[in-house]
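# Report on the structure
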Amino acid sequence: MFSEVSSNIKRMEGQPILFSARPTRLSLQQLDVGEDWNRAVSVNVWRNHAMEAIASLAQPYFAFGRWQVAFNFKDYDDSLMFGGHSAADIELLWLDSSRYLENTDFAAWSEWLLSRLGVLRAATSAPIIVATWLETDEQRHRMQAIVDALPDIYFGDIGGVCADAGVELIDRRIAVATGSPVSNAAQAVLARKIACHWFPAAISPPIKALALDLDNTLHKGILGEDGIQGVELTAQHKALQEAVKSLQQKGIFLALVSRNEREDVENLFAQRSDYPLKWDDFTVTEVSWGDKASAIARAAQALRIAPDAVLFVDDNIGELAAVTAQLPQVHAIHAHENAELTQRAMEFYPGLWRWKVTADDVKRNQDMKANAIRESLLNEVTDPEEYLRNLQVKLVFNHSPEAHLQRLADLCKKTNQFNLAMRRFSLSELTERHRSENACVACVQLTDRLSDSGIIAVIVAELHGDLLIVEELCVSCRALGRQLEDTIVLWTIRNMPQFQQCQQVCFRVTHGPRNQPAIKWLAEHLEVAPEAVQEGLNGIPKTKLEQFTPVQSVQLSEE
Amino acid sequence: MDSAKVKETLKQAITAVLGKPLPEDENVWLGMNGRKDWDSLKQVEILLVLEEEFGIRYTEEEFAQLDTAADIVALTVHKCNEETSAPTDDGLFSYY
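The rules behind these values
Residues numbered from 1 in each chain as written. Chains lettered and ligands numbered in written order. Predicted model: local features only at pLDDT ≥ 70, side-chain atom pairs only at ≥ 80, totals over all residues. Helix = DSSP H or I, 4+ residues; strand = E, 2+ residues; numbered from the N terminus. Rg over C-alpha atoms; globule rule 2.2 N^0.38 Å. Buried ≥ 20, exposed ≤ 12 C-beta atoms within 10 Å, placed from the backbone. Contact = placed C-beta atoms within 7 Å. Pairing = 2+ DSSP bridges. Axes fitted to C-alpha atoms, helices over the stretch in contact; angles between N-to-C directions. Arc of directions from axis to C-beta. Nonpolar A, V, L, I, M, F, W, Y, C, P; charged D, E, K, R; others polar. Parallel < 35°, antiparallel > 145°, perpendicular 65-115°, else oblique. Left-handed = near helix turned anticlockwise from the far one by under 90°. Expected span 1.5 Å × (residues − 1). Core = buried A, V, L, I, M, F, W, Y, C linked by C-beta atoms within 7 Å. UniProt positions renumbered as here; feature names shortened; annotations may be inferred.

Quick look at the overall build of chain A now. For chain A, the count of helices and strands is 23 helices and 18 strands. In summary, chain A has a C-alpha radius of gyration of 25 Å against a globular reference of 24 Å for 559 residues, a match within 12%. Dimensions of chain A, computed from C-alpha atoms along their principal axes, come out at roughly 75 × 65 × 45 Å. When burial is assessed residue by residue, chain A has 46% of its 559 residues classed as buried. Sequence separation of at least 24 residues holds for 73% of the intrachain contacts in chain A that already meet a minimum separation of 6.

Encoded structure:
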């Protein structure tokens, strides 16, 4: 436990270097943030220019995220033959586009590239990142369209990263000697982008909530000592609050975790109109003199997320150490006196950034607030049917959700509690099953009069002889607690085309660290205790589903 | 620019790039060179560190031609002093 805490603190001590505006090569190479990695990641690099120097600079960032990354650098190959392919967690295409565009036009190259991506996609289901730079916005849009044409492929816009960081991308002086024209300054910012954004967003469970301290984190000063007008919103703290608010608007939950008098904090947010963050922006407020680990655990429970989806930000190393000692799964960063560093550490924290922000992500905060109202409604009524009628709940089933496969892959990746098989199907794996005649990928959307929750369930089943095997079953925590699980799951399966051909329905089960709600649900249908549910396949008779009657007070429809 | 500062930074750069400590004896490590102790790629990395730390720029030829660590020190000190003696924007402004 002690070494865990000390290694957390060691990583936090590296923050000022890792998240400076322009990290230098020497400072990164000298930095030691520890080696207590908890995930080994392999990356195939298909390239036509060198990437080794950037991979080397990325190592301290990987160590910060507790990854050990093995790069498998392939020979330089403009033709992208993908010879000698072996399985990896990530496929990276590291391309100097100018080598192609000297000899051919963009349209012809992009068409060829799409065909090569198709070949790689057929060889692997791992996420593919195409990292290159382009001359015009039109070309960038076209490249985005190319990667969107195939599942689980992403465009890493090297030119955009350098432009955002204000560094020159190309340095021809070093191109011959290093095998790449990417400049020194660009190498450091790309290393950070790759290690903190691109790779984690491709394969890691995402961070879903920020648990934020208040004093000397969101402002300078101590509310209890300096008073409401005495605490200072520096320019850097204002920018930090704006960045936090921007994340909230993209669907990241905010929890305020502060040792203060609650009334004082409410008055602060009411009176300081210069604060970009408002009291209502926080989905959960834990303001008390109790310990912060318990407060964060309660916040995670209220948000229906696991502690490992929470990033805790606090200026007090003692608090950070205490929280990570009691809740080792919680991610933590140190709020620096210079809030600009805090902002960058937060924005670059692995798992917070997304390749795409979906409409469902944006709805998340509104939906969680509506949950509080739903719970009070549930307490007011004794009849569950009346409760659902009051809410005007609608479930929309879709048994051919081609347009939603990306969202379904996200749901597979993000769902921890009501996730029975923990297969975590990728977009390409879902696409493959969607196209198979023996399999069905289905999803369910949920709306009520308080909010539109969007797609809240994905179920994937495959027909093997007379067995219909449910290989993936995920229901978002946003839909739990309304007694709709049976209708969502059983009605979806019953309406799958393959259901007619089966004699038994089997659910694949993996006992994960947090999927007790899903196991408990299945146990009730198997009529056994949750601990008696076996890993592997658990069957229930087809007749049980045929006889199932969905909740009457919910409007059901098929998209 | 003080050559001691350049030597110290170069020592740190070589150590970081090669990933191993250098001999304590200055005469020994200043004799290390790109023909036997590091390759051309590592030499570029070492020089990029110095560029960043001292705010100077080497030419494409200099990236390729430098020989011993002592040569790198000499050239870097020369470049640092060139940069320092060159009129800055403030200096130019003071002429008017």
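The helix and strand tally for chain B stands at six helices and zero strands. When its helices and strands are written in sequence order, chain B yields α-α-α-α-α-α. The burial tally for chain B puts 24% of its 96 residues in the buried class. In chain B, 67% of the contacts between residues at least 6 apart in sequence involve partners at least 24 apart.

All names here are of chain A. Taking strand neighbours across the sheet as the criterion, the five strands line up as S8-S7-S6-S9-S10 in an open arrangement whose pairing is parallel. The open sheet has two edge strands, strand S8 (284-287) and strand S10 (331-334), and neither has a second partner. Averaged over all pairs of adjacent strands, the angle between strand axes in this sheet comes to 20°, irrespective of strand direction.

The next subject is the sheet that holds strand S3 (residues 90-94) of chain A. All names here are of chain A. Spatially, S2-S1-S3-S4-S5 is the arrangement adopted by the five strands of the open sheet, whose pairing is parallel. Each edge of the open sheet is held by one strand with a lone partner, namely strand S2 (67-76) and strand S5 (153-157). Strand-to-strand twist of the sheet, defined as the mean angle between neighbouring strand axes without regard to direction, takes the value 25°. Summarising the sheet, strand S1 (residues 39-47) and S3 pair through five bridges and their orientation is parallel. Counterpart to Asn44 in the pairing with S3 is Glu91.

All names here are of chain A. The set of residues buried in helix H13 (residues 262-271) consists of Val265, Leu268 and Phe269. Buried positions in H13, seen along its axis, are confined to an arc of 90° and lie on one side of it. Residues of H13 that are exposed and point more than 90 degrees away from the buried face comprise Glu263, Ala270 and Gln271. Looking at the buried side of H13, the elements it contacts are helix H11 (223-226), strand S7 (253-258) and S8.

Attention now moves to the interface of chain A and chain B. Across the boundary between the two partners, chain A contributes eleven residues, which contact 17 residues of chain B. Here the residues of the side of chain A that touches chain B are counted per class, giving four nonpolar, five polar and two charged.

All right, on to the packing of helix H12 (residues 235-249) of chain A against helix H16 (residues 339-347) of chain A then. All names here are of chain A. Interhelical geometry of H12 versus H16 gives an angle of 20° and a closest axis separation of 8 Å. Considering their axes alone, H12 and H16 lie roughly parallel with respect to each other. Every pair of crossing elements has a handedness; the one defined by H12 and H16 is left-handed. Contacts between H12 and H16 involve Gln236, His237, Ala239, Leu240 and Ala243 on the former and, on the latter, Ala339, Glu340, Thr342, Gln343, Met346 and Glu347. Split by residue class, the contact of H12 with H16 holds five nonpolar, four polar and two charged.

In this section: helix H6 (residues 106-123) of chain A. Residues and elements named next belong to chain A. Spanning 18 residues, H6 covers 26 Å between terminal C-alpha atoms, matching the ideal 26 Å at 1.5 Å per step. Among all positions of H6, only Leu113, Leu117 and Leu120 are buried. Mapping the buried residues of H6 onto a view down its axis gives an arc of 60°, with all of them on the same face. Opposite the buried face of H6, at more than 90 degrees from it, the exposed residues are Ala107, Ala108, Glu111, Ser115, Val119 and Ala122. On its buried side, H6 packs onto S3, strand S4 (128-132), helix H7 (137-148) and S5.

Looking now at the pairing of strand S15 (residues 467-475) of chain A. Residues and elements named next belong to chain A. Among the nine residues of S15, eight are classified as buried, and the element is accordingly described as predominantly covered. Where strand S12 (residues 418-419) meets S15, two bridges bridge the pair, whose relative direction is antiparallel. Looking at S15, one finds that Asn419 is bridged to Cys474. Connecting strand S14 (residues 452-464) to the next strand, S15, in antiparallel fashion are two residues, including Gly465 with a positive phi near 65°. Bridge count between S15 and strand S16 (residues 504-509): four bridges; the pairing is parallel.

The next thing to look at is the environment of Ser451 of chain A. Residues and elements named next belong to chain A. Topologically, Ser451 is positioned in the loop between strand S13 (439-447) and S14. For Ser451, a count of 21 C-beta atoms within 10 Å translates into the label buried. Through-space distance from the C-alpha of Ser451 to that of Pro384 is 19 Å; in sequence the pair is 67 residues apart. Contact partners of Ser451, with chain neighbours within four places excluded, come to Lys363, Gln366, Asp367 and Ala370.

One finds Ala255 and Ile296 of chain A to be the most contacted residues of the largest nonpolar core, which totals 163 residues. The biggest single contributor to this core is helix H10 (residues 184-203) of chain A, with twelve residues. Setting aside chain neighbours within four positions, we find Ala255 of chain A in contact with Ala209, Ala211, Leu212, Phe282, Thr283, Val284, Glu286 and Ala299 of chain A. Judged by nonpolar contacts, the second largest core, of 19 residues, contains Val6, Leu10, Leu47 and Ala69 of chain B.

Quick look at the UniProt feature "domain: Carrier" (unreviewed entry) in chain B now. Here the UniProt feature "domain: Carrier" (unreviewed entry) sits at residues 4-80 of chain B. Helix makes up 68% of residues 4-80 of chain B and strand 0%, and the two end C-alpha atoms of the span are 13 Å apart.

A few words on the environment of Ala69 of chain B. All names here are of chain B. As for its placement among the helices and strands, Ala69 is situated in helix H5 (residues 69-85). Linking Ala69 and Lys5, residues 64 residues apart in sequence, is a C-alpha distance of 14 Å. Those residues in contact with Ala69, other than ones at most four positions away along the chain, are Leu10, Ile14, Trp29, Leu30, Met32 and Asn33.

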